[in-house]
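Coordinate inspection notes
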Amino acid sequence: MRHHHHHGEHHEHKAHVEHTEDIVRRAIISTFLTVPVLLYSKSFQELIGFSIRRFPGSEWIVPVFSTVVFLYGGTFFLKGMVQELSRKKPGMMTLVGLAISVAFIYSMSTVALGGMDFFWELTTLIVIMLWGHWIEMRSLLGASRAVEELVKLMPTKANLIKDGKIIEVHASELKPGDTVLVRPGEKVPADGIVVEGHTHVDESMLTGESRPVSKREGDRVVGGAINLEGSIKVKVEKAGEDTYLSQVLQLVKEAQMSRARLQDTADRVAYYLTLIAIGVGSLSLFFWWYVGSDIRFAVERAVTVMVIACPHALGLAIPLVVAFSTSYSAKRGILIRNRDAFERVKDVDAVIFDKTGTLTEGKFGISEVISQDIDRRGLLRLVASLENNSEHVIARAVVEEAMKEGLDLLPATNFKAHPGRGVTGEVEGHYLAVGTPLLMEELGVKLESHFLRKVRELEAQGKTVILVAIDGKSAGCIALSDRVRPESYEAVRELKAMGKRVIMLTGDSEEVARYVAEELGVDIFMARVLPHQKVEKIRELRSKGLKVAMVGDGVNDAPALLEADVGIAIGSGTQVAVESADIVLVKSDPRDVVRIIRLSRITVGKMLQNLFWATGYNVVAIPLAAGVAARWGIVLEPAVGALLMTASTVVVTVNALTMLRQLR
């Protein structure tokens, strides 16, 4: 199924490229044909002040060449005009089409009846408009590249293991349950679970995170990730359209298709501009004709008005910005599912974080090691060596910390688990006991009062404390808690700097909540909040007139994400389709919340600036084109009008590009 899907897209893209190439061809040929028209036009010669040797029949150069330019270069706009009018939506093509038709018909009549023709203005006009349109097409093509970049990440080949043999198949033919071999340097062909082998993979295309991620048996891998070192066997869970990358692609495409709210504004403005231009153009034509100006001046005024009012830049103003912001965010693992919410997120007053798994890592980790009569690392090494034999959550956390600190673990003998109380055993000739005060009591270990005070203090912060005794003497303790993510500090600080209120909700006890809130500098925290109460808390804040963004892990926070003005699911990893969220942050990095607010502000700002640049100049230019200042000798030529119009297109494109600089 996959192939057709891509095929259609590819087809669409190809048509777009061909369209652009067609415009370039027309623009180049029309440009060459315009040169002799300029050289042999009497009015242009007078304007520049030069003359050229004439020869028999040279008077036909101008009308004949101009006709070719009109038919070859101009029909592009005439076709567009017919389409726009049949849809009852006059716009840019209608204006250009009308302008060049009026100019052409009038000039042809002068060939028969005498009078000043309008040919060189007509041909330069067509040439400038074609190049202007080409700039627009190029910009939009560049913008849709974000999707293509993602398509390139899609793995195409897979090594399927079937009956002990390895067969190379197309990635789209894989089915859930298949096992594939991924060699070093290859892309993982589909989302799945490692069933054999150990390696590091590069997932930067999903998360923007450049650090290689370690993968061993039982770990999930994502299609499109690059296998860096060892060979692994992967059991496919999701294939084809369901894989993470396909979903991201779908989202990015939808985000680019889904129209920004300002796009409708731009379209309406373009429509009214067209009507105004046709009105003002016709009025100026009849006015100058009526007051007895020569008819050429009257026609020139009407044509210039129509050309200048062309909403070329308006067509680009919004799509370019949308495209840049979409590709920027997709590359950083920020997926926008709802364009509207994304544009609103810059205005939120309060950001609510669900504590567990969002501001904290959501898993047990060591927060403190207190040692007596033995150094910290020595204590940790002994405890981890003993705990390495246990599968307990606490034991795993201790061992992980020791590994992280690069400590070598020692063999343990006589290991014994005391259910609910702790473990004992011998390491390096020392008798070690690790566990609760109850275990220490049973073993007759004396605990000093100042040490017990410290233990109580740690427990008051909601930490789990395990005591350590070596050879029957108290040697220290290890405190574990759900660790605060290092990125959370910066995220909270920056949100407060932006003037947003930061609120933390948690189902944990008051003590734990207070500890984390103080640690991070969170303004308000609410503890012991059950999942269904989160929704009520958000309602309460909204009823006070606050605009609220909720950041949660997307699984158990779904109702709360829906209730908030903007729902942001964080750290959903490969779960792109978090239905309840407006924005999905692939990485578990709360700083992305800051990024998304900043991106929203810059994006909407650029859209408004572009709308201004695309339409603002018309306020001055249309009256000048209509000849309001003609008595003072200020008159805009059609070619100058066309240049002004093209300039506004360039300004809009450049302005959208500067957005990428601001985002760095």
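Scoring rules and cut-offs
- Residues numbered from 1 in each chain as written.
- Predicted model: local features only at pLDDT ≥ 70, side-chain atom pairs only at ≥ 80, totals over all residues.
- Heavy atoms only, no water.
- Core = buried A, V, L, I, M, F, W, Y, C linked by side-chain atoms within 4.5 Å.
- Buried < 20%, exposed > 50% of the residue type's maximum accessible area, 1.4 Å probe, protein only.
- Contact = heavy atoms within 4.5 Å.
- Pairing = 2+ DSSP bridges.
- Helix = DSSP H or I, 4+ residues; strand = E, 2+ residues; numbered from the N terminus.
- Axes fitted to C-alpha atoms, helices over the stretch in contact; angles between N-to-C directions.
- UniProt positions renumbered as here; feature names shortened; annotations may be inferred.
- Expected span 1.5 Å × (residues − 1).
- Salt bridge = Lys/Arg side-chain N within 4 Å of Asp/Glu carboxyl O.
- Phe/Tyr/Trp six-rings, centres within 6.5 Å; stacked < 30°, edge-to-face > 60°.
- Lys NZ or Arg CZ within 6 Å of the ring centre and 35° of its normal.

This paragraph deals with the nonpolar core. Ranked by size, the top nonpolar core spans 98 residues in total, and within it Ile 100, Leu 495, Ile 568 and Val 593 carry the most contacts. Ignoring anything within four residues of it in the chain, the contact list for Ile 568 reads Val 345, Met 550, Val 551, Gly 552, Leu 561, Ile 583, Leu 585, Val 593 and Ile 596. Within the second largest apolar cluster, 25 residues are counted, among which are Ala 350, Val 548, Met 550 and Ala 581.

Turning to the sheet that holds strand β20 (residues 548-552), a few remarks are in order. The strand order β10-β22-β21-β20-β11-β18-β19 describes an open sheet built from 7 strands, whose pairing is mixed. With one partner strand each, in any of the chains shown, β10 (334-336) and β19 (524-526) form the two edges of the open sheet. Strand after strand, the sheet turns through a mean of 20° between neighbouring axes, direction not considered. Pairing between strand β21 (residues 566-570) and strand β22 (residues 583-585): 3 bridges, direction parallel. Counted as the bridge partner of Ile 568 is Ile 583 from β22. Across the sheet, helix α23 (residues 591-626) lies against β10, β11 (350-354), β20, β21 and β22, angled at about 50° from β10, the strand it touches most.

This part covers the environment of Met 504. Within the fold, Met 504 resides in strand β18 (residues 501-505). Linking Met 504 and Arg 514, residues 10 residues apart in sequence, is a C-alpha distance of 9.9 Å.

Moving on, we come to the UniProt feature "transmembrane region" (unreviewed entry) in the protein. The UniProt entry lists residues 23-40, 60-78, 90-112, 118-135, 269-291, 303-324, 611-634 and 640-660 under the feature "transmembrane region" (unreviewed entry), expressed in the numbering used here. Between the C-alpha atoms that bound residues 60-78 there is a distance of 25 Å. The span itself is 84% helix and 0% strand. A distance of 32 Å separates the end C-alpha atoms of residues 269-291, which is 96% helix and 0% strand.

Next up on the list: helix α11 (residues 295-308). Here α11 spans 20 Å end to end across 14 residues, near enough to the 20 Å set by a 1.5 Å rise per residue. Where burial is concerned, most of α11 is hidden: 13 out of the 14 residues are buried.

Another point: the pattern of salt bridges. Applying the stated rule across the entire model yields 21 salt bridges. Of the charged contacts, one joins Lys 346 and Asp 347 as a salt bridge, the two residues approaching to 2.9 Å between their closest N and O atoms. Residue classification places Asp 347 among the partly exposed positions, given a relative accessible area of 38%. Among the charged side chains, a network of salt bridges with common partners joins Arg 539, Arg 542, Glu 563 and Asp 565.

With that settled, consider the packing of aromatic side chains. Counted according to the given criterion, the structure contains 5 aromatic pairs. Note on Phe 70 and Phe 104: the rings are 4.1 Å apart at their centroids and 5° apart in plane angle, and the pair reads as stacked. Within this pair, whereas Phe 70 is found in helix α3 (residues 61-72), its partner Phe 104 is found in helix α5 (residues 92-113), the two being separated by 34 residues in sequence. One exposure class covers both Phe 70 and Phe 104, and it is buried. Judged by centre distance (5.7 Å) and plane angle (85°), the rings of Trp 131 and Trp 134 are edge-to-face. Separated by 3 residues within a single helix, Trp 131 and Trp 134 lie in helix α6 (residues 119-143), roughly one turn from each other. Exposure remark for Trp 131: the relative accessible area of 29% places this residue in the partly exposed category. The ring centre of Tyr 72 lies 5.3 Å from the NZ or CZ of Arg 26, which sits over that ring.

What follows deals with the pairing of β20. Most of β20 is tucked away, with 5 of its 5 residues classed as buried. Along β20, one buried face is formed by Val 548, Met 550 and Gly 552 and the opposite face, lined by Ala 549 and Val 551, is buried too. In this sheet, β20 lies alongside β11 in parallel orientation, the contact comprising 4 bridges. Its bridge partner lying in β20, Ala 350 is registered against Val 548. In terms of strand pairing, β20 meets β21 through 4 bridges, oriented parallel. Looking at the pairing, Met 550 lines up with Gly 567 of β21.

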